[in-house]
Amino acid sequence: MPQSIFAPSYYQATATPSPACPALSGDISADVCIVGAGYTGLSAAVELGEAGYKVVVLEAETVGHGASGRNGGQICTGFSSGQDKIAAQLGRDNARKCFAIAEEAKRLLVDRIRRYSIDCDLRWGYLHVLPKPNRMDGLKQWKDEWDDLGYTDTQLLDKKQLEERLGASAYHGALREGGAGHFHPLNYCLGLARAAAEAGAVIHEHSPAVEVDTGSRPFVRTAHGKVNARFTIIACNGYLGRLVPQLYGKVLPVTSYIIATEPLGENRARALIRDGEAVADTNFIVNYFRIASGTRMLFGGKASYTTMEPAQLAPQMKDSMVKIFPQLRDARIDFAWGGYIAITHNRIPDCGRLSPTAYYAHGYSGQGVALAGMYGKLIAEAVRGTAERFDLLSRVRHFPFPGGPVRVPLLAAAMLFYRIRDALS
């Protein structure tokens, strides 16, 4: 039998103790019903709860069960799409406004960690590393674009400079950011849940929505209850499925996998990543890694467009890690897990209204650690009547992924193409 991608993770093993939230039972009323207790939904719950709204959050599993509690913990800059795709749709000036929103997303995350005393091992520093020697011009263009946008905390590193920081010879240079970093994603999510509860929001775990009505009298129904609300917010991301037919096909769940080694000790960990920065390569199918809590290597990647689980997840992921860090060949793997992120066709998050009473945001395309919380805040602003920034982002047009029986085979073939391109280019 394959190892389940939902096996216990390093994050679950080191999570801050939090009280369980009872499942919904019976019919209740609220100002706002939020479906999904991840970064988007909980961020909106914090904002609306503190503004005096009666908020109910429904979670199919437990807080942070989805990508918000399973991701690589890497806090990224901007959008996965880059600026050009946004500018092509919204114009250069509006694209700059979008980048400013993405920068605010990181500041919002820091502010909440401080304000709510969330213990989540926040660290700064991020290396975008080159697997091929012929791509340095691309990193220079990336830096120039960020410089033009006013984000200047970056530095180009040649191979020698990089190898002073990284105990791997597989890479040929890097772009370093000081304004990006990493943290414990589940503990941050649990901290948001506590902040939402302190603001008056009620969270119901093990309460999967089975019906969402987005009309003039909206409601969300579960197997054992119903929430009647003035507004609904759909914040399910890669776990949405067919719950809301209007949104099916607008995002695609992509499986990403992570392993965590045994504790390596401070000296050995520093020999791998000297300054404890987050690292990701520049391939289309990304490998990403970091040192967690100062001692364990967390190594992620091997994305899959199918939902089929690998038969030997830990050994396969360790093989990928050892290709970069052969000195970890003897390291024990203590945890191996995965989960679904959601991508859009153009790699720009998708948000909007299904009706005057129903909002949604999803499809952060690998950069939701910061962006998801910001989109939740913007939805809350819109519910409260200040929708300028939300409306700007909702103007981005999105093509649906092709549906039907050929969807998975076509996308799996596309993934194979990009794996081959990464290997040969």
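Look a little higher up for the structure.
Figured I'd write up the structure that's included with this text. Worth saying up front: this structure is predicted, and the values here are computed from it rather than measured. (Residues numbered from 1 in each chain as written. Predicted model: local features only at pLDDT ≥ 70, side-chain atom pairs only at ≥ 80, totals over all residues. Heavy atoms only, no water.)

### Digging into the nonpolar core
And step 1. With 77 residues, the main nonpolar core has Val32, Val55, Phe183, Tyr188, Ile233 and Val383 as its most contacted residues.
And step 2. When residues in this core are grouped by element, the largest group, eleven residues, is from helix 10 (residues 368-383).
And step 3. Ranked by size, the runner-up nonpolar core spans 30 residues in total, among them Ala168, Ala174, Ile259 and Leu328. (Core = buried A, V, L, I, M, F, W, Y, C linked by side-chain atoms within 4.5 Å. Buried < 20%, exposed > 50% of the residue type's maximum accessible area, 1.4 Å probe, protein only. Helix = DSSP H or I, 4+ residues; strand = E, 2+ residues; numbered from the N terminus.)

### Observations regarding the packing of aromatic side chains
And step 1. Applying the stated criterion across every chain yields a total of twelve aromatic pairs.
And step 2. Considering the side-chain rings of tryptophan 146 and tyrosine 151, the 5.3 Å spacing of their centres and the 80 degrees angle between planes classify their relative orientation as edge-to-face. Of the two residues, tryptophan 146 and tyrosine 151, neither departs from the other in class, the shared state being buried.
And step 3. Each residue in the set Tyr10, Tyr11, Phe335 and Trp337 is aromatic and connected to the rest through ring pairs, giving one cluster. (Phe/Tyr/Trp six-rings, centres within 6.5 Å; stacked < 30°, edge-to-face > 60°.)

### Digging into the pairing of strand 1 (residues 26-35)
And step 1. In this structure, strand 1 lies alongside strand 10 (residues 225-234), joined through nine bridges in parallel fashion. Within strand 10, the position partnered with isoleucine 34 by the bridge is isoleucine 233.
And step 2. Relative to strand 2 (residues 55-58), strand 1 runs parallel, the two being bridged by four bridges. Bridge pairing in strand 2 links valine 35 to leucine 58.
And step 3. In this region the chain leaves strand 1, passes through helix 2 (residues 39-50) and returns to the parallel neighbour strand 2; the handedness of that crossover is right-handed. (Pairing = 2+ DSSP bridges. Right-handed = clockwise from strand over helix to strand, strands pointing away.)

### Focus on the state of the cysteines
Should the sulfur atoms of two cysteines be covalently bonded, the bond is a disulfide.
And step 1. Counted according to the given criterion, the structure contains zero disulfides.
And step 2. Its sulfur unpaired, cysteine 21 is 11 Å from the next cysteine sulfur, which belongs to cysteine 189.
And step 3. Cysteine cysteine 76 shares no disulfide, and the gap to the nearest cysteine sulfur, in cysteine 120, comes to 15 Å. (Disulfide = S-S within 2.5 Å.)

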